[in-house]
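As a plain string of letters, each chain reads:
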Amino acid sequence: MTMADQQTRKTGELTQAPETRELVATGQRRYVPNYAPKEMILDRGEGARMWDLDGNEYVDFGAGISVTSLGHGDPELAEALSAQASRLWHISNLYFAEPVVRLADELCEASFADRVFFCNSGAEANEAAIKLARKHASVHHGAEKNEIVTFQGGFHGRTIATVTATAQPKYHEGFGPLPEGFRYCDYNDVAALDAAIGERTCAVLVEPIQGEGGVVPAEDGFLAAVAERCRAHDALLMFDEIQSGLSRTGRLFAYQWEEGIVPDVVTIAKALGGGLPIGAMLAGAGASETLQPGSHGSTFGGNPIAAAVARVVLRKLRSDELLANVERQGERLRKRLAALHNEFGFIAEVRGKGLMLGAVLRDEWSGRAGELGEVCRRHGVLVLQAGPDVVRFLPPLNITDAELDDGMDRFADAVREAAKAEQGTEIG
Ligand SMILES: *Cc1c(COP(=O)(O)O)cnc(C)c1O
């Protein structure tokens, strides 16, 4: 740790050079204002640490929102990327390329799936799933069987169809008319599901742990009940594992925490490319023949460079060593949160599994997740929020003891400062 950084940690003040201020101002002026990026320029990363242009160091507990699960600057990923970069970048889906074929095979070998559709993002993977579900029902049962059941608080993406699948009004406002054929019901509520599902249902799309919706896990037995209802109504069982999948919770897929479930479709993206854009829809035997030639496609989907990197990502994320680290660091993070809670009493509950954790703020702290995140940043640790009341932790899955401890020390400094502000000793 540099002297400047020690200083930063103590005061919670970041240094900012003129170049940073100029870049931030240009970004604020030139980006469509749909985001509100923090006023810093991230420049470099190594493992679970990042540095901004001014040399301020951050411990990364967000992993680019569950994307950089192997941290920053992994030499094996960089090697796979540059090897493929000097061979072939793009071929279109008129042809095969080795890394893409191998990745498809390895994803199937690792999962319930027997076929894969590649795309570039989570929303596109869910779009493919929605189209597959409708096509499958129209071929096997008729065109009236076209409804997709999703859950309140869920998140499935920002395209017009996936935002409609996302049962949260705040994401819909002003974007109508939205496509028909989506039905929402309460999460973890089997009776509500029974009321929503029927002969018109072609699929149920569900996150095993709701991420954006506040890190809300499916209760024991809920996913099994969903699976059972899907079978009973000839509806496809589709898990959105875009955030929870690829070992984030300590198993390859979060649905595997519940015994005996075999999905029809699982969508993944985020962590698959280690930071490169790639998504995939995995389909099991009953549904995998549905999308026949001409029915669906993507120009960039199955990009050879992304696939070459994803093969290494998948191998590393599946290793016993990594899965053990997720469990170990998840427990350590929970212990640190519990100790901090004893001191400051700010947490109502810690939800989630493995390294997908949400600290739900207590009533006295409600609405302060964003503010606490900003104080954290000034103290050199990047955390996420999931709504106004949940501080979300999605650190790299290979995070070390030292990185986690350092990040939690910084988090403690931030909570201490925020607690002072709450007691009326207003800061700044
Ligand atoms: C992030 C996310 C998506 C959307 O992925 P994009 O790559 O942003 O399109 C969909 N579902 C879940 C559960 C997600 O967390």
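Residues numbered from 1 in each chain as written. Predicted model: local features only at pLDDT ≥ 70, side-chain atom pairs only at ≥ 80, totals over all residues. Heavy atoms only, no water.

### Considerations on the overall build of the protein
- Each helix and strand counted, the protein has 13 helices and 17 strands in total.
- For 428 residues, the compact-globule estimate of 2.2 N^0.38 gives 22 Å, and the C-alpha radius of gyration of the protein, at 22 Å, lies within 12% of that figure.
- Principal axes of the C-alpha set define a box for the protein whose edges measure 65 × 55 × 45 Å.
- Evaluated residue by residue, the protein yields a buried proportion of 54% over its 428 residues. (Helix = DSSP H or I, 4+ residues; strand = E, 2+ residues; numbered from the N terminus. Rg over C-alpha atoms; globule rule 2.2 N^0.38 Å. Buried < 20%, exposed > 50% of the residue type's maximum accessible area, 1.4 Å probe, protein only.)

### Considering the domain arrangement of the protein
- Looking at the assigned domains, one finds that the protein contains domain 1 (3-73 + 320-420) and domain 2 (75-317).
- Averaged C-alpha coordinates put domain 1 and domain 2 at centres separated by 28 Å.
- Taken together, the 26 residues of domain 1 in the interface contact 26 residues of domain 2.
- Interface area for domain 1 against domain 2, summed over the two sides, is near 2100 Å², with a carbon-plus-sulfur share of 65%. (Domains from an automatic or database assignment. Contact = heavy atoms within 4.5 Å. Buried area = accessible area lost by both parts, 1.4 Å probe.)

### Description of the packing of helix 4 (residues 75-85) against helix 10 (residues 304-317)
- Helix 10 packs onto helix 4 with a crossing angle of 155 degrees between their chain directions and a minimal axis gap of 8 Å. The angle between the axes of helix 4 and helix 10 places the two elements in the roughly antiparallel class. Of the two elements, helix 4 crosses helix 10, and the hand of that crossing is right-handed. Every residue of helix 10 that contacts helix 4 at Glu-76, Leu-77, Ala-80, Leu-81, Gln-84 and Ala-85 is listed here: Pro-304, Ile-305, Ala-308, Val-309, Val-312, Val-313, Arg-315 and Lys-316. (Axes fitted to C-alpha atoms, helices over the stretch in contact; angles between N-to-C directions. Parallel < 35°, antiparallel > 145°, perpendicular 65-115°, else oblique. Left-handed = near helix turned anticlockwise from the far one by under 90°.)

### A word on the packing of aromatic side chains
- Tallied over the entire structure, the rule returns ten aromatic pairs.
- Pairing Phe-151 with Phe-222 gives two aromatic rings, centres 5.6 Å apart and planes at 80 degrees, and the pair type is edge-to-face. Within this pair, whereas Phe-151 is found in strand 5 (residues 147-151), its partner Phe-222 is found in helix 9 (residues 222-232), the two being separated by 71 residues in sequence. As far as burial versus exposure is concerned, Phe-151 and Phe-222 are alike and both buried. (Phe/Tyr/Trp six-rings, centres within 6.5 Å; stacked < 30°, edge-to-face > 60°.)

### Thoughts on the environment of Leu-272
- Structurally, Leu-272 can be placed in the loop between strand 11 (265-268) and strand 12 (279-283).
- Expressed as a C-alpha distance, the spacing of Leu-272 and Ser-121, which sit 151 residues apart in the sequence, is 9.8 Å.
- For Leu-272, the contacting residues outside a window of four places in its chain are Leu-107, Leu-246, Ile-278, Gly-279, Ala-280, Ala-310 and Val-313.

### Here we look at the side chain of Arg-49
- Tracing the backbone shows Arg-49 in strand 2 (residues 49-52).
- A polar contact of 2.7 Å, which involves the side chain of Arg-49, links it to the side chain of Asp-406.
- Apart from residues lying up to four places away in sequence, Arg-49 is in contact with Arg-44, Glu-57, Tyr-58, Val-59, His-72, Ala-402, Glu-403, Asp-406 and Arg-410. (Polar contact = N/O pair within 3.5 Å; in protein donor to acceptor, adjacent residues only side chain to side chain.)

### Here we look at the pairing of strand 7 (residues 201-206)
- Burial analysis of strand 7 places six of its six residues in the buried class, the great majority of the element.
- Taken together, the four bridges between strand 7 and strand 10 (residues 236-240) define a ladder with parallel strand orientation. Opposite Val-204, over in strand 10, you have Leu-237 as the bridge partner. (Pairing = 2+ DSSP bridges.)

### Notes on the environment of His-72
- Mapping His-72 onto the fold places it in the loop between helix 3 (63-66) and helix 4.
- Separated by 203 residues in the primary sequence, His-72 and Gly-275 have C-alpha atoms spaced 8.7 Å apart.
- Setting aside residues up to four positions removed in sequence, His-72 forms contacts with Gly-45, Glu-46, Gly-47, Arg-49, Met-50 and Asp-60.

### A short note on the site of the ligand
- Ser-121, Gly-122, Ala-123, Asn-126, Phe-155, His-156, Gly-157, Glu-207, Asp-240, Ile-242, Gln-243 and Lys-270 make up every residue found near the ligand.
- With respect to the ligand, the side chain of Gln-243 contributes an N or O atom lying 2.8 Å from an oxygen atom.
- Lys-270 is positioned with one of its side-chain polar atoms (N or O) 2.6 Å from an oxygen atom of the ligand.
- In the complex, the protein chains occlude 82% of the 390 Å² of accessible area that the ligand would expose alone.
- Ranked by residue count, the leading element in the shell around the ligand is helix 6 (residues 122-140), at three residues. (Near = heavy atom within 4 Å. Areas by Shrake-Rupley, 256 points an atom, 1.4 Å probe, with all protein chains shown as cover.)

### Some words on the sheet that holds strand 16 (residues 384-385)
- Across the sheet, which stays open at both edges, the four strands sit in the order 13-14-17-16 with antiparallel pairing between neighbours. This sheet does not close on itself; its edge strands, each paired only once, are strand 13 (347-353) and strand 16.
- Pairing of strand 13 with strand 14 (residues 356-361) involves six bridges; the strand directions are antiparallel. Among the inter-strand pairings, Val-350 is bridged to a residue of strand 14, identified as Ala-359.
- Lying on the sheet, helix 11 (residues 320-344) is in contact with strand 13, strand 14 and strand 17 (390-393); it crosses strand 13 at an angle near 175 degrees.

### What to know about helix 4
- Every buried residue belonging to helix 4 is among Leu-77, Ala-80 and Gln-84, and all of these are buried. On an axial view of helix 4, the arc spanned by its buried residues comes to 65 degrees, and they lie on one face. Of the residues in helix 4, the exposed ones pointing more than 90 degrees away from the buried face are Pro-75 and Glu-79. (Arc of directions from axis to C-beta.)

### A few points about the packing of helix 5 (residues 98-109) against helix 10
- Where helix 5 contacts helix 10, the two axes come as close as 8 Å, and the packing angle between them is 35 degrees. Remark: the crossing between helix 5 and helix 10 carries left-handed chirality. Facing Pro-99, Val-100, Arg-102, Leu-103, Glu-106 and Leu-107 of helix 5, the residues of helix 10 in contact are Pro-304, Ala-307, Ala-308, Ala-310, Arg-311 and Leu-314.
- Tallied by class, the residues present in the contact of helix 5 with helix 10 amount to nine nonpolar, no polar and three charged. (Nonpolar A, V, L, I, M, F, W, Y, C, P; charged D, E, K, R; others polar.)

### Focus on the nonpolar core
- By size, the foremost hydrophobic cluster in this structure holds 87 residues, and its most contacted members are Phe-151, Phe-393 and Phe-411.
- If you count residues domain by domain, this core takes at least three from each of domain 1 (3-73 + 320-420) and domain 2 (75-317).
- Not counting residues up to four positions away in its chain, the partners in contact with Phe-151 are Ala-167, Cys-185, Asp-186, Tyr-187, Leu-193, Val-204, Leu-205, Val-206, Gln-210, Phe-222 and Val-226.
- Of all hydrophobic cores here, the second largest spans 21 residues; its members include Phe-117, Ala-165, Ala-203 and Ala-287. (Core = buried A, V, L, I, M, F, W, Y, C linked by side-chain atoms within 4.5 Å.)

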